[in-house]
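Each chain, written out:
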Amino acid sequence: MLDTGTAMNVKLIAYTPQPELVSAMAATLTHTKTKPEELQQVKKKDLQKVLPYVMKLGHTSVVEHASFTFAISDVSRALTHQLVRHRIASYSQQSQRYVNLTEPSYVVPPSIMKSKKMKKAYDETMGLIWEQYNNLLKLGIPAEDARYVLPNATCTNIMVTMNARSLLNFFELRCCLHAQWEIRQCANKMLGEVRKIAPLIFKDAGPTCKTRRTCPENKKSCPLYPK
Ligand SMILES: Cc1cc2nc3c(=O)[nH]c(=O)nc-3n(C[C@H](O)[C@H](O)[C@H](O)COP(=O)(O)OP(=O)(O)OC[C@H]3O[C@@H](n4cnc5c(N)ncnc54)[C@H](O)[C@@H]3O)c2cc1C
């Protein structure tokens, strides 16, 4: 039985305690004689003022003090290949050297899902690929070499930790409608998670049409193109 689907899981599993307070302390200490350890008493109303203020100025290094760790599973290698291009982050990914992926497990793009005929052809291709992968393993080929026949669609699991500044950059690039659908879906889920925890930092996060009112692709046909 083939394990197909596009139901990725994106879970925020850890983060800096009080990420907004820590960032607000960092912002406040730059403008005061008070020692940083004494700034923990920053009042909530001051915090709500200082963070949006410094972020508007572009002084976003203060939110680098807040980090967020996500567990991401049932996504394709095509997605993680794009994800790990974001260098200001830490990653741990399921190994195809140490884990034998003997059961077919792959992501089906929505465009293929739309057509029964295409889906059938896709499933058959995946079935053949996994058959060959398992044959290679049976012939004694090590998993690190047998994996060469596996496709971009192969399911994988990854953990990623990014600080809030890096996440803001990631959301600008990957929540954009021009980003590839799977990483966009993942980015939107990540944004939804961190917004619940740090709304002051992430409430205006998203693609550049939202954050800067500019479109990197200058595609006027895009429904989000800034008016
Ligand atoms: C729609 C889209 C299409 C893409 N298409 C392609 C493609 O066809 N081919 C391809 O190869 N990539 C492609 N990419 C990947 C893209 O070029 C970036 O590698 C990726 O988005 C990571 O972005 P980043 O460098 O801003 O992130 P990070 O690596 O997290 O870096 C964050 C920021 O830190 C700074 N920084 C990091 N490292 C350096 C450095 N070495 N020197 C100077 N400044 C640095 C930069 O300001 C950077 O924006 C695409 C990305 C998108 C969103």
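Note that this is a predicted model, so its numbers are computed, not measured.

**Student:** Talk me through the site of the ligand; I want residue IDs and the actual numbers.
**Tutor:** In the vicinity of the ligand, the residues found are Arg85, His86, Arg87, Ile88, Asn169, Leu173, Arg174 and His178. Between an oxygen atom of the ligand and a main-chain N or O atom of Arg87, the distance comes to 2.6 Å. Contact between the ligand and Ile88: an oxygen atom at 3.1 Å from a main-chain N or O atom of the residue. Considered on its own, the ligand offers 940 Å² of accessible surface; in the complex 45% of this is hidden by protein. For the shell around the ligand, the residue count by class is 2 nonpolar, 3 polar and 3 charged.

**Student:** Could you give an account of the pattern of salt bridges, with specific residues and numbers?
**Tutor:** Side-chain pairs of opposite charge can arise whenever the charged atoms involved come near each other. On inspection of all chains with the given rule, the structure shows 7 salt bridges. Residue Lys120 pairs with Glu124 through a salt bridge whose shortest N-O separation is 3.1 Å. One end of the pair is Lys120 and the other is Glu124, both in helix α5 (residues 116-138) and 4 residues apart, which spans about a single turn. Lys120 gets classed as exposed once you look at its relative accessible area, which sits at 53%. Linking Asp204 and Lys203 is a salt bridge whose minimum nitrogen-to-oxygen distance equals 3.4 Å. By relative accessible area, Asp204 is classed as exposed at 52%. Lys203 sits in the partly exposed class, given a relative accessible area of 44%.

**Student:** Which residues make up the sheet that holds strand β2 (residues 9-15), and what values go with them?
**Tutor:** Spatially, 4 strands are ordered β2-β3-β6-β4 in an open sheet, and the strand pairing comes out antiparallel. Of all the strands in the sheet, the pair left with one neighbour each is β2 and β4 (90-93). Across this sheet, the average inter-strand angle for adjacent strands is 20 degrees, counted without regard to direction. Pairing between strand β3 (residues 67-76) and strand β6 (residues 155-163): 8 bridges, direction antiparallel. Residue Val75 lies in a different strand from β6, and its bridge partner there is Thr156. Across the sheet, helix α7 (residues 164-174) touches β3 and β6, and the angle it forms with β6 is around 125 degrees.

**Student:** So what's going on with unusual backbone geometry? Residues and values would help.
**Tutor:** Backbone geometry at Gln18 places phi at a positive 50 degrees, although glycine is not the residue there. Along the chain, the position of Gln18 falls in the loop between β2 and α1 (19-29). The backbone of Asp74 sits at a positive phi, close to 55 degrees, despite the residue not being glycine. Structurally, Asp74 is set in strand β3. When its relative accessible area of 31% is taken as the criterion, Asp74 is described as partly exposed.

**Student:** Talk me through the packing of aromatic side chains; I want residue IDs and the actual numbers.
**Tutor:** Taken as a whole and judged by the stated rule, the model has 6 aromatic pairs. Arranged with centres 6.2 Å apart and planes meeting at 25 degrees, the rings of Tyr15 and Phe68 form a pair that is stacked. With Tyr15 in strand β2 and Phe68 in strand β3, the pair connects residues that are 53 residues apart, well separated along the chain. What makes Tyr15 partly exposed here is its relative accessible area of 39%. Members of the aromatic cluster, joined through ring pairs, are Tyr15, Phe68, Phe170, Phe171 and Phe202.

**Student:** A description of the side chain of Gln82 should follow, citing residues and the corresponding values.
**Tutor:** Within the secondary structure layout, Gln82 lies in helix α3 (residues 77-83). In this structure the side chain of Gln82 is engaged in a polar contact, spanning 3.0 Å, whose partner is the side chain of Gln180. In this view, Gln82 contacts Arg174, Gln180 and Ile183; residues no more than four positions away in its chain are not counted.

Rules behind the numbers
- Numbers given to residues run from 1 along each chain, matching the order in which its sequence is written.
- Totals for whole chains, interfaces and linings use every residue, but because this is a predicted model, local features are given only for residues with pLDDT of at least 70 and side-chain atom pairs only at 80 or more, for both listing and counting.
- Side-chain metrics rest on all non-hydrogen atoms present in the structure, leaving aside hydrogens and water.
- Whether a residue is near a molecule or strand is decided by its heavy atoms; if any one of them lies within 4 Å of it, the residue is near.
- Polar contacts here mean pairs of N or O atoms no more than 3.5 Å apart (in protein, one a potential hydrogen donor and the other a potential acceptor; neighbouring residues in sequence count only if both atoms are side-chain atoms).
- Using a 1.4 Å probe, the Shrake-Rupley method yields the accessible areas, and only the shown protein chains count as cover for residues.
- Residue polarity is assigned by list, with Asp, Glu, Lys and Arg as charged and Ala, Val, Leu, Ile, Met, Phe, Trp, Tyr, Cys and Pro as nonpolar; anything else, Gly included, falls into the polar class.
- Every case where a carboxyl oxygen of Asp or Glu lies within 4 Å of a side-chain nitrogen of Lys or Arg is listed as a salt bridge.
- Secondary structure elements follow DSSP: runs of H or I of four or more residues count as helices, runs of E of two or more count as strands, with numbering from the N terminus.
- Summary of the burial criterion: residues with accessible area below 20% of their type's maximum are buried, those above 50% are exposed, and those between are partly exposed, where the area comes from a 1.4 Å probe applied to protein chains only.
- When DSSP finds at least two bridges between two strands, those strands are taken to pair.
- In this analysis an axis means a line fitted to C-alpha atoms, helices contributing only their contacting stretch, and an angle means the value between N-to-C directions, from 0 to 180 degrees.
- Should any heavy atoms of two residues lie within 4.5 Å, those residues are counted as being in contact.
- Stacked, edge-to-face and tilted labels apply to pairs of Phe, Tyr and Trp rings (six-membered ring for Trp) whose centres lie within 6.5 Å, assigned for plane angles under 30 degrees, over 60, and everything in between, in that order.

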